[in-house]
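# Working through the structure, step by step
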Amino acid sequence: MSEKELELQKIRKSLKEMIVRDLSLEDINPEDIKDDEVLFGEGLGLDSLDAVEIVVLLQRNFGLEIKSMDQGREIFFSIDTIANFVYDNRK
């Protein structure tokens, strides 16, 4: 497994733990969230308030800014898309 893939695994795990803990998803364990599962709407069922909270989590934990909600929609599609954004943009 490549160094990038190992790092992405760590980021995915950390994101799942943050989302479950900070969005108070009581019925879900981090391990229950699939890497490619759609996070909003029909998928995990997150909503726009959750999106705002994820923006804050990315700022607080990774020092990353989401410039617009259009950018956010793309990035927040799944754990995979968020992890790749974090990996590509971390300082």
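In what follows, the structure referred to is the one given above.
Read on for an overview of the structure. (Residues numbered from 1 in each chain as written. Predicted model: local features only at pLDDT ≥ 70, side-chain atom pairs only at ≥ 80, totals over all residues. Heavy atoms only, no water.)

This next bit is on unusual backbone geometry. Despite not being glycine, S24 has its phi angle at roughly 50 degrees, a positive value. For S24, the position within the fold is in the loop between helix 1 (3-22) and helix 2 (48-62). With relative accessibility at 46%, the residue S24 sits in the partly exposed group. (Helix = DSSP H or I, 4+ residues; strand = E, 2+ residues; numbered from the N terminus. Buried < 20%, exposed > 50% of the residue type's maximum accessible area, 1.4 Å probe, protein only.)

Okay, the environment of M18 next. Looking at the secondary structure, you find M18 in helix 1. Residue classification places M18 among the buried residues on the basis of a relative accessible area of 6%. A C-alpha to C-alpha distance of 21 Å links M18 and K67, two positions 49 residues apart in sequence. Once residues lying within four places of it in the same chain are set aside, the contact partners of M18 are L23, L57, N61 and F62. (Contact = heavy atoms within 4.5 Å.)

Orientation of helix 1 relative to helix 2, taken along the N-to-C sense of each, is 130 degrees, at an axis distance of 11 Å. If you check the angle between helix 1 and helix 2, you find them oblique. Handedness of the helix 1/helix 2 crossing: right-handed. Every residue of helix 2 that contacts helix 1 at S14, L15, M18, I19 and D22 is listed here: E53, I54, L57, L58, N61 and F62. (Axes fitted to C-alpha atoms, helices over the stretch in contact; angles between N-to-C directions. Parallel < 35°, antiparallel > 145°, perpendicular 65-115°, else oblique. Left-handed = near helix turned anticlockwise from the far one by under 90°.)

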